[in-house]
Amino acid sequence: MRQINRALRQARVVVPVVVLTAGLVAGGAMTAAPAVAATAPLTLTVQPPSSIGAAGGPVEFTETISNQDKEGRAVALRLTAETSFGSSPEFMSLEWQNELNGQWDALPLTYHAEGGKAVFEAVAGKIIVPAGESKEVHLRIGAPMGTPHDGTPNRGLTPTVNLRSEVKGWWQAYPVEPAVQDSREIKVGAVSNSLSGVPAKAVAGGEPIEFDVVLKNPTPSAYTNLDSLLITDKRAKVEVRGADGSWTALTPVVFLDSSTGSFHLDGHDFSAGPGGTDTKHVRVGYAAGTTTDLAHLQSCVTVNEPAGDNGQVRGTYFCSPGADVEITAAPTAQPTTPAPAKTSAASHPDGGAPVVKPAGQITAAPAAPVTQPTATASATTDVPVPATGGGAVAAAAPDGRLASTGADGDRTGLISGVAALLLGAGVATVALFRRRRAN
(Lines give C-alpha, C1' and ligand atoms only; values in the text may rest on other atoms or scores of the structure.)
Protein backbone atom coordinates (compact mmCIF):
# COMPACT_ATOMS: atom_id res chain seq x y z
CA MET A 1 0.00 0.00 0.00
CA ARG A 2 2.80 2.39 0.84
CA GLN A 3 4.38 1.87 -2.62
CA ILE A 4 1.05 2.60 -4.38
CA ASN A 5 0.64 5.97 -2.59
CA ARG A 6 4.15 6.98 -3.57
CA ALA A 7 3.40 6.24 -7.24
CA LEU A 8 0.23 8.33 -7.16
CA ARG A 9 2.09 11.35 -5.74
CA GLN A 10 4.70 11.15 -8.52
CA ALA A 11 1.95 11.00 -11.14
CA ARG A 12 0.35 14.22 -9.85
CA VAL A 13 3.66 16.02 -10.36
CA VAL A 14 4.40 14.72 -13.83
CA VAL A 15 1.03 15.30 -15.43
CA PRO A 16 1.04 19.15 -15.31
CA VAL A 17 4.44 19.24 -16.95
CA VAL A 18 3.23 17.09 -19.80
CA VAL A 19 0.16 19.27 -20.24
CA LEU A 20 2.28 22.47 -20.36
CA THR A 21 4.62 21.03 -22.97
CA ALA A 22 1.69 19.96 -25.10
CA GLY A 23 0.20 23.47 -24.90
CA LEU A 24 3.41 25.08 -26.20
CA VAL A 25 3.66 22.69 -29.09
CA ALA A 26 -0.01 23.32 -29.92
CA GLY A 27 0.76 27.03 -30.53
CA GLY A 28 0.42 28.72 -27.19
CA ALA A 29 1.68 32.20 -26.36
CA MET A 30 5.32 31.08 -26.17
CA THR A 31 6.87 30.04 -29.45
CA ALA A 32 10.29 28.64 -30.09
CA ALA A 33 12.87 30.83 -31.94
CA PRO A 34 13.81 29.64 -35.43
CA ALA A 35 16.67 27.23 -35.39
CA VAL A 36 18.65 29.42 -37.85
CA ALA A 37 18.94 32.20 -35.24
CA ALA A 38 20.77 29.91 -32.90
CA THR A 39 22.97 28.51 -35.63
CA ALA A 40 24.12 31.42 -37.81
CA PRO A 41 27.80 30.85 -38.48
CA LEU A 42 28.34 33.95 -40.63
CA THR A 43 31.67 35.79 -40.79
CA LEU A 44 32.67 39.14 -42.28
CA THR A 45 36.03 40.10 -43.78
CA VAL A 46 36.62 43.76 -44.64
CA GLN A 47 39.43 44.99 -46.90
CA PRO A 48 39.06 48.79 -46.73
CA PRO A 49 41.24 51.30 -48.61
CA SER A 50 44.10 52.71 -46.58
CA SER A 51 43.08 56.25 -47.50
CA ILE A 52 40.81 58.36 -49.66
CA GLY A 53 41.24 61.85 -51.10
CA ALA A 54 39.09 64.71 -49.85
CA ALA A 55 37.10 66.16 -52.76
CA GLY A 56 38.42 63.33 -54.91
CA GLY A 57 36.79 60.34 -56.52
CA PRO A 58 35.61 57.24 -54.65
CA VAL A 59 37.94 54.32 -53.91
CA GLU A 60 36.90 50.68 -54.35
CA PHE A 61 37.11 48.01 -51.65
CA THR A 62 35.46 44.67 -50.81
CA GLU A 63 33.66 43.10 -47.89
CA THR A 64 33.29 39.31 -47.90
CA ILE A 65 30.44 37.49 -46.14
CA SER A 66 31.02 33.77 -45.53
CA ASN A 67 28.23 31.31 -44.66
CA GLN A 68 29.12 28.09 -42.86
CA ASP A 69 25.46 27.15 -42.40
CA LYS A 70 23.67 24.28 -44.13
CA GLU A 71 21.15 26.70 -45.55
CA GLY A 72 21.53 29.79 -47.71
CA ARG A 73 21.05 33.18 -46.10
CA ALA A 74 19.57 36.46 -47.31
CA VAL A 75 21.31 39.30 -45.53
CA ALA A 76 21.95 43.02 -45.74
CA LEU A 77 25.09 45.04 -45.04
CA ARG A 78 24.71 48.13 -42.89
CA LEU A 79 27.53 50.68 -43.34
CA THR A 80 28.21 53.59 -41.01
CA ALA A 81 30.83 56.25 -41.77
CA GLU A 82 31.65 58.53 -38.89
CA THR A 83 33.83 61.62 -39.14
CA SER A 84 34.56 64.73 -37.10
CA PHE A 85 34.39 67.01 -40.13
CA GLY A 86 31.66 69.61 -40.54
CA SER A 87 27.97 69.13 -41.01
CA SER A 88 27.67 68.96 -44.79
CA PRO A 89 25.66 65.94 -45.97
CA GLU A 90 27.63 66.09 -49.24
CA PHE A 91 30.88 65.19 -47.52
CA MET A 92 30.57 61.40 -47.85
CA SER A 93 29.54 58.95 -50.57
CA LEU A 94 28.96 55.19 -50.57
CA GLU A 95 28.26 52.98 -53.61
CA TRP A 96 27.95 49.30 -54.37
CA GLN A 97 28.28 47.39 -57.61
CA ASN A 98 25.16 46.02 -59.19
CA GLU A 99 25.60 42.30 -59.86
CA LEU A 100 23.25 42.37 -62.82
CA ASN A 101 24.90 45.07 -64.95
CA GLY A 102 28.20 45.83 -63.22
CA GLN A 103 27.25 49.47 -62.74
CA TRP A 104 27.93 51.43 -59.57
CA ASP A 105 24.77 52.41 -57.76
CA ALA A 106 24.79 55.13 -55.12
CA LEU A 107 23.61 53.99 -51.71
CA PRO A 108 21.15 56.46 -50.18
CA LEU A 109 22.73 58.04 -47.12
CA THR A 110 21.13 59.24 -43.94
CA TYR A 111 22.96 61.92 -42.01
CA HIS A 112 22.85 63.08 -38.42
CA ALA A 113 25.12 64.67 -35.83
CA GLU A 114 26.04 62.57 -32.84
CA GLY A 115 28.39 63.56 -30.07
CA GLY A 116 29.95 66.36 -32.10
CA LYS A 117 30.53 64.06 -35.05
CA ALA A 118 28.92 63.60 -38.43
CA VAL A 119 27.40 60.15 -38.93
CA PHE A 120 26.45 58.77 -42.36
CA GLU A 121 24.53 55.49 -42.70
CA ALA A 122 23.56 53.31 -45.66
CA VAL A 123 22.26 49.77 -46.24
CA ALA A 124 23.33 47.46 -49.07
CA GLY A 125 21.13 44.41 -49.74
CA LYS A 126 19.51 42.01 -50.47
CA ILE A 127 22.60 39.80 -50.52
CA ILE A 128 22.17 36.05 -51.03
CA VAL A 129 24.94 33.96 -49.49
CA PRO A 130 24.59 30.26 -50.45
CA ALA A 131 25.19 27.55 -47.87
CA GLY A 132 28.86 26.79 -47.39
CA GLU A 133 29.92 29.64 -49.69
CA SER A 134 31.16 33.25 -49.57
CA LYS A 135 29.89 36.36 -51.29
CA GLU A 136 32.07 39.35 -52.16
CA VAL A 137 30.34 42.70 -51.96
CA HIS A 138 32.10 45.36 -54.04
CA LEU A 139 31.83 48.82 -52.55
CA ARG A 140 33.23 52.31 -53.06
CA ILE A 141 33.73 55.03 -50.47
CA GLY A 142 34.58 58.67 -51.15
CA ALA A 143 34.61 62.14 -49.67
CA PRO A 144 33.40 64.25 -52.63
CA MET A 145 32.72 67.32 -50.45
CA GLY A 146 30.08 68.54 -52.85
CA THR A 147 29.12 67.93 -56.45
CA PRO A 148 30.81 68.72 -59.79
CA HIS A 149 31.37 72.50 -60.07
CA ASP A 150 29.74 73.02 -56.71
CA GLY A 151 32.38 72.10 -54.18
CA THR A 152 31.84 72.64 -50.47
CA PRO A 153 34.38 75.06 -48.96
CA ASN A 154 36.53 73.12 -46.53
CA ARG A 155 36.73 74.54 -43.02
CA GLY A 156 39.43 72.15 -41.98
CA LEU A 157 39.95 68.54 -42.91
CA THR A 158 39.18 65.45 -40.89
CA PRO A 159 42.20 63.16 -40.63
CA THR A 160 40.20 59.91 -40.58
CA VAL A 161 36.86 58.26 -41.29
CA ASN A 162 35.72 55.45 -39.03
CA LEU A 163 33.90 52.83 -41.13
CA ARG A 164 31.68 50.31 -39.32
CA SER A 165 30.18 47.33 -41.13
CA GLU A 166 27.49 44.98 -39.81
CA VAL A 167 25.74 41.97 -41.33
CA LYS A 168 22.00 42.16 -40.70
CA GLY A 169 19.19 39.71 -41.48
CA TRP A 170 17.18 40.62 -44.53
CA TRP A 171 13.98 39.82 -42.60
CA GLN A 172 13.60 40.91 -39.03
CA ALA A 173 12.22 37.46 -38.17
CA TYR A 174 15.63 36.03 -38.96
CA PRO A 175 18.19 38.17 -37.08
CA VAL A 176 21.88 37.42 -37.29
CA GLU A 177 23.01 36.12 -33.94
CA PRO A 178 25.58 36.52 -32.64
CA ALA A 179 26.28 39.94 -34.18
CA VAL A 180 28.72 40.02 -37.10
CA GLN A 181 30.55 43.40 -37.16
CA ASP A 182 33.79 45.04 -38.22
CA SER A 183 35.28 48.53 -37.65
CA ARG A 184 38.12 50.10 -39.65
CA GLU A 185 39.86 53.48 -39.80
CA ILE A 186 40.47 55.14 -43.16
CA LYS A 187 42.84 58.10 -43.50
CA VAL A 188 41.76 61.17 -45.45
CA GLY A 189 44.37 62.87 -47.63
CA ALA A 190 44.20 65.56 -50.28
CA VAL A 191 45.71 66.88 -53.48
CA SER A 192 48.30 69.63 -52.92
CA ASN A 193 49.92 72.53 -54.78
CA SER A 194 53.30 73.84 -53.58
CA LEU A 195 56.15 76.14 -54.68
CA SER A 196 59.68 74.91 -55.30
CA GLY A 197 62.90 76.85 -55.84
CA VAL A 198 61.56 80.38 -55.30
CA PRO A 199 64.43 82.93 -55.20
CA ALA A 200 64.62 85.11 -52.08
CA LYS A 201 64.92 88.37 -54.03
CA ALA A 202 63.64 89.97 -57.22
CA VAL A 203 64.61 93.27 -58.86
CA ALA A 204 61.80 95.62 -59.83
CA GLY A 205 62.19 96.23 -63.54
CA GLY A 206 64.90 93.55 -63.73
CA GLU A 207 64.99 89.96 -64.92
CA PRO A 208 62.02 87.83 -63.79
CA ILE A 209 62.49 85.11 -61.20
CA GLU A 210 61.81 81.48 -62.14
CA PHE A 211 60.53 78.57 -60.06
CA ASP A 212 58.20 75.54 -60.14
CA VAL A 213 54.62 75.04 -59.04
CA VAL A 214 54.23 71.35 -58.17
CA LEU A 215 50.84 69.64 -57.97
CA LYS A 216 50.80 66.26 -56.21
CA ASN A 217 48.09 63.69 -55.61
CA PRO A 218 49.37 61.22 -52.99
CA THR A 219 45.95 59.58 -52.56
CA PRO A 220 44.29 56.63 -54.35
CA SER A 221 41.45 58.95 -55.42
CA ALA A 222 41.26 60.34 -58.94
CA TYR A 223 40.72 64.10 -59.12
CA THR A 224 38.78 65.96 -61.79
CA ASN A 225 37.63 69.56 -62.19
CA LEU A 226 40.93 70.89 -60.86
CA ASP A 227 42.24 74.44 -61.18
CA SER A 228 45.87 75.27 -60.34
CA LEU A 229 46.42 78.87 -59.21
CA LEU A 230 49.35 81.16 -58.49
CA ILE A 231 48.34 84.13 -56.36
CA THR A 232 50.49 87.28 -56.16
CA ASP A 233 50.47 91.03 -56.87
CA LYS A 234 48.07 91.71 -59.73
CA ARG A 235 50.67 94.02 -61.33
CA ALA A 236 53.18 91.19 -61.70
CA LYS A 237 53.89 89.66 -65.08
CA VAL A 238 53.36 85.92 -64.77
CA GLU A 239 54.26 83.49 -67.54
CA VAL A 240 54.07 79.71 -67.72
CA ARG A 241 56.33 77.57 -69.88
CA GLY A 242 54.70 75.12 -72.25
CA ALA A 243 55.87 71.65 -73.23
CA ASP A 244 57.57 73.11 -76.31
CA GLY A 245 59.55 75.59 -74.20
CA SER A 246 57.53 78.65 -75.21
CA TRP A 247 56.24 81.11 -72.62
CA THR A 248 52.61 82.16 -72.31
CA ALA A 249 51.65 85.33 -70.43
CA LEU A 250 48.74 84.89 -68.03
CA THR A 251 45.98 87.37 -67.28
CA PRO A 252 45.18 87.84 -63.59
CA VAL A 253 41.66 87.50 -62.27
CA VAL A 254 41.08 90.22 -59.68
CA PHE A 255 38.35 90.29 -57.05
CA LEU A 256 36.81 93.76 -56.79
CA ASP A 257 39.50 96.34 -55.91
CA SER A 258 41.98 93.91 -54.43
CA SER A 259 45.67 94.33 -55.19
CA THR A 260 46.01 90.56 -55.45
CA GLY A 261 45.48 88.57 -58.62
CA SER A 262 44.88 84.87 -59.28
CA PHE A 263 46.76 83.44 -62.25
CA HIS A 264 45.38 80.18 -63.70
CA LEU A 265 48.30 77.93 -64.64
CA ASP A 266 46.37 75.09 -66.27
CA GLY A 267 42.99 76.52 -67.08
CA HIS A 268 39.90 74.91 -65.61
CA ASP A 269 38.86 71.29 -65.29
CA PHE A 270 42.09 69.34 -65.59
CA SER A 271 42.68 66.01 -63.86
CA ALA A 272 45.20 64.32 -61.59
CA GLY A 273 45.32 60.53 -61.34
CA PRO A 274 46.11 58.59 -58.17
CA GLY A 275 49.72 59.12 -57.11
CA GLY A 276 50.30 61.62 -59.95
CA THR A 277 52.53 64.71 -60.06
CA ASP A 278 52.35 67.71 -62.40
CA THR A 279 55.01 70.44 -62.49
CA LYS A 280 54.59 73.86 -64.08
CA HIS A 281 57.63 76.09 -64.60
CA VAL A 282 56.76 79.75 -64.24
CA ARG A 283 58.51 83.08 -64.20
CA VAL A 284 57.37 86.24 -62.46
CA GLY A 285 58.56 89.78 -63.10
CA TYR A 286 57.78 92.94 -61.16
CA ALA A 287 57.62 96.29 -62.95
CA ALA A 288 60.02 99.13 -62.21
CA GLY A 289 58.70 101.30 -59.43
CA THR A 290 56.99 98.48 -57.56
CA THR A 291 56.73 99.98 -54.09
CA THR A 292 56.18 96.90 -51.94
CA ASP A 293 59.17 95.61 -50.01
CA LEU A 294 57.86 92.04 -49.97
CA ALA A 295 55.83 90.22 -52.59
CA HIS A 296 53.90 87.18 -51.40
CA LEU A 297 53.58 84.17 -53.69
CA GLN A 298 51.05 81.46 -52.93
CA SER A 299 49.83 78.45 -54.85
CA CYS A 300 46.38 76.90 -54.45
CA VAL A 301 44.48 74.09 -56.11
CA THR A 302 40.69 74.19 -56.18
CA VAL A 303 38.31 71.30 -56.83
CA ASN A 304 34.86 71.70 -58.34
CA GLU A 305 35.18 75.45 -58.70
CA PRO A 306 31.80 76.93 -59.67
CA ALA A 307 31.27 78.34 -63.12
CA GLY A 308 32.09 82.03 -63.41
CA ASP A 309 35.33 83.63 -62.37
CA ASN A 310 35.56 86.58 -60.01
CA GLY A 311 39.01 86.09 -58.55
CA GLN A 312 37.88 84.34 -55.38
CA VAL A 313 39.25 80.95 -54.41
CA ARG A 314 36.02 78.96 -54.41
CA GLY A 315 34.92 75.35 -54.30
CA THR A 316 37.04 73.01 -52.21
CA TYR A 317 40.53 74.45 -52.02
CA PHE A 318 43.95 73.49 -50.71
CA CYS A 319 46.66 76.17 -50.49
CA SER A 320 50.37 76.10 -49.72
CA PRO A 321 51.93 78.40 -47.08
CA GLY A 322 53.58 80.30 -49.94
CA ALA A 323 56.80 82.30 -50.02
CA ASP A 324 57.84 85.93 -49.56
CA VAL A 325 60.14 87.54 -52.14
CA GLU A 326 62.08 90.71 -51.33
CA ILE A 327 61.62 93.33 -54.05
CA THR A 328 64.61 95.62 -54.53
CA ALA A 329 65.00 98.64 -56.80
CA ALA A 330 67.22 98.39 -59.86
CA PRO A 331 70.71 99.82 -59.16
CA THR A 332 71.27 103.37 -60.45
CA ALA A 333 74.05 103.68 -63.02
CA GLN A 334 76.93 105.74 -61.57
CA PRO A 335 79.18 107.90 -63.83
CA THR A 336 82.72 106.56 -64.22
CA THR A 337 85.26 108.81 -62.48
CA PRO A 338 88.87 108.47 -63.74
CA ALA A 339 91.53 107.80 -61.17
CA PRO A 340 93.59 110.87 -60.07
CA ALA A 341 96.51 111.39 -62.44
CA LYS A 342 100.11 111.97 -61.44
CA THR A 343 102.17 114.67 -63.16
CA SER A 344 105.87 114.65 -64.04
CA ALA A 345 108.29 117.52 -64.00
CA ALA A 346 109.20 117.06 -67.70
CA SER A 347 109.05 120.43 -69.42
CA HIS A 348 107.06 121.06 -72.52
CA PRO A 349 109.32 122.19 -75.45
CA ASP A 350 107.74 125.63 -75.41
CA GLY A 351 107.96 125.94 -71.63
CA GLY A 352 104.24 125.32 -71.20
CA ALA A 353 102.30 122.94 -68.97
CA PRO A 354 103.87 119.69 -67.79
CA VAL A 355 103.03 116.43 -69.53
CA VAL A 356 100.18 114.50 -67.81
CA LYS A 357 101.23 110.91 -67.18
CA PRO A 358 98.50 108.49 -65.90
CA ALA A 359 99.62 106.33 -63.02
CA GLY A 360 99.94 102.59 -63.42
CA GLN A 361 100.98 100.45 -66.34
CA ILE A 362 98.54 98.75 -68.74
CA THR A 363 99.98 96.81 -71.64
CA ALA A 364 98.36 98.10 -74.79
CA ALA A 365 98.11 96.98 -78.39
CA PRO A 366 100.92 98.29 -80.67
CA ALA A 367 100.16 101.67 -82.16
CA ALA A 368 100.01 102.26 -85.87
CA PRO A 369 102.87 104.30 -87.41
CA VAL A 370 102.70 107.97 -86.57
CA THR A 371 103.62 110.63 -89.13
CA GLN A 372 106.74 112.40 -88.01
CA PRO A 373 106.46 116.18 -87.64
CA THR A 374 108.51 118.63 -89.65
CA ALA A 375 111.81 119.73 -88.14
CA THR A 376 110.55 122.88 -86.52
CA ALA A 377 110.47 124.00 -82.93
CA SER A 378 106.82 124.96 -83.13
CA ALA A 379 104.78 123.51 -80.29
CA THR A 380 101.60 123.88 -82.26
CA THR A 381 102.49 121.32 -84.95
CA ASP A 382 99.45 119.10 -85.65
CA VAL A 383 100.07 115.46 -84.77
CA PRO A 384 97.90 112.88 -86.54
CA VAL A 385 96.46 110.34 -84.01
CA PRO A 386 95.71 106.83 -85.30
CA ALA A 387 92.30 105.35 -84.61
CA THR A 388 92.36 102.99 -81.64
CA GLY A 389 89.75 100.58 -82.98
CA GLY A 390 88.63 99.94 -79.44
CA GLY A 391 92.06 98.84 -78.27
CA ALA A 392 94.47 100.67 -76.02
CA VAL A 393 97.44 102.64 -77.38
CA ALA A 394 100.57 103.29 -75.29
CA ALA A 395 103.49 105.70 -75.66
CA ALA A 396 106.79 105.79 -73.83
CA ALA A 397 106.78 108.03 -70.77
CA PRO A 398 109.90 109.88 -69.64
CA ASP A 399 110.40 107.43 -66.74
CA GLY A 400 109.93 104.34 -68.93
CA ARG A 401 106.35 103.36 -67.75
CA LEU A 402 103.44 102.92 -70.13
CA ALA A 403 100.81 105.59 -70.34
CA SER A 404 97.47 103.94 -71.16
CA THR A 405 94.18 105.19 -72.48
CA GLY A 406 92.33 102.60 -70.43
CA ALA A 407 89.52 100.43 -71.59
CA ASP A 408 87.39 103.39 -72.56
CA GLY A 409 89.97 104.97 -74.96
CA ASP A 410 90.90 108.22 -73.19
CA ARG A 411 92.49 110.08 -76.11
CA THR A 412 93.49 113.15 -74.11
CA GLY A 413 96.39 111.37 -72.41
CA LEU A 414 97.37 109.72 -75.70
CA ILE A 415 97.67 113.01 -77.60
CA SER A 416 99.65 114.66 -74.83
CA GLY A 417 102.14 111.78 -74.60
CA VAL A 418 102.71 111.42 -78.35
CA ALA A 419 103.02 115.21 -78.85
CA ALA A 420 105.63 115.52 -76.12
CA LEU A 421 107.67 112.67 -77.60
CA LEU A 422 107.60 113.99 -81.16
CA LEU A 423 108.15 117.64 -80.27
CA GLY A 424 111.12 116.68 -78.11
CA ALA A 425 112.67 114.83 -81.05
CA GLY A 426 112.18 117.89 -83.29
CA VAL A 427 113.94 120.26 -80.89
CA ALA A 428 116.94 117.94 -80.68
CA THR A 429 117.22 117.78 -84.49
CA VAL A 430 117.19 121.58 -84.87
CA ALA A 431 119.88 122.01 -82.20
CA LEU A 432 122.19 119.48 -83.91
CA PHE A 433 121.73 121.16 -87.30
CA ARG A 434 122.72 124.56 -85.84
CA ARG A 435 125.89 123.19 -84.20
CA ARG A 436 127.07 121.67 -87.48
CA ARG A 437 126.60 124.96 -89.33
CA ALA A 438 128.52 126.81 -86.63
CA ASN A 439 131.49 124.52 -87.17
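Figured I'd write up the structure that's included with this text.

Parameters and conventions
Residues numbered from 1 in each chain as written. Predicted model: local features only at pLDDT ≥ 70, side-chain atom pairs only at ≥ 80, totals over all residues. Heavy atoms only, no water. Salt bridge = Lys/Arg side-chain N within 4 Å of Asp/Glu carboxyl O. Helix = DSSP H or I, 4+ residues; strand = E, 2+ residues; numbered from the N terminus. Buried < 20%, exposed > 50% of the residue type's maximum accessible area, 1.4 Å probe, protein only. Pairing = 2+ DSSP bridges. Core = buried A, V, L, I, M, F, W, Y, C linked by side-chain atoms within 4.5 Å. Contact = heavy atoms within 4.5 Å. Phe/Tyr/Trp six-rings, centres within 6.5 Å; stacked < 30°, edge-to-face > 60°. Lys NZ or Arg CZ within 6 Å of the ring centre and 35° of its normal.

## Observations concerning the pattern of salt bridges
And then number 1: The tally for this structure, following the rule as stated, stands at nine salt bridges.
And then number 2: The residue R140 makes a salt bridge to E95 at a minimum N-O spacing of 3.2 Å. Of this pair, R140 sits in strand β9 (residues 134-142) while E95 sits in strand β5 (residues 93-97); the two residues are 45 residues apart in sequence, bridging distant segments of the chain.
And then number 3: Where R283 meets E239, a salt bridge forms, and the shortest distance between an N and an O atom there is 2.7 Å. Of the two residues, R283 is situated in strand β23 (residues 277-285) and E239 in strand β18 (residues 237-241); the sequence distance between them amounts to 44 residues.
And then number 4: The exposure class of R283 is partly exposed, given its relative accessible area of 21%.
And then number 5: Here E239 falls in the buried class, since its relative accessible area comes to 10%.
And then number 6: Through salt bridges with shared partners, a single ionic network connects E82, K117 and R164.

## Focus: the pairing of strand β1 (residues 42-47)
And then number 1: Judged by which residues are buried, β1 turns out to be one-sided: L42, L44 and V46 face inward and are buried, whereas T43, T45 and Q47, on the alternate face, are not.
And then number 2: Where β1 and strand β3 (residues 59-67) come together, six bridges link them in antiparallel fashion. In the strand pairing of β3, T43 is matched with S66.

## Some points on the nonpolar core
Burial of nonpolar side chains together is a common tendency in soluble globular proteins.
And then number 1: By size, the foremost hydrophobic cluster in this structure holds 46 residues, and its most contacted members are L77 and V167.
And then number 2: Discounting chain neighbours no more than four positions away, the residues touching L77 are L44, E63, A122, V123, A124, I127, V137, L139, S165, E166 and V167.
And then number 3: Counting residues in each nonpolar core, the second largest holds 19 residues, with V238, F263, L265 and V282 among its members.

## Things to note about the packing of aromatic side chains
And then number 1: Scanning all chains against the criterion turns up one aromatic pair.
And then number 2: Here Y111 and F120 contribute two aromatic rings whose centre-to-centre distance is 5.1 Å and whose plane-to-plane angle is 45°, an arrangement assigned as tilted.
And then number 3: On the basis of relative accessibility, which here comes to 28%, the residue Y111 falls in the partly exposed class.
And then number 4: Among the residues examined, F120 registers a relative accessible area of 0% and is labelled buried.
And then number 5: The ring of W247 has R283 sitting right over it, with the charged end atom 4.1 Å from the ring centre.

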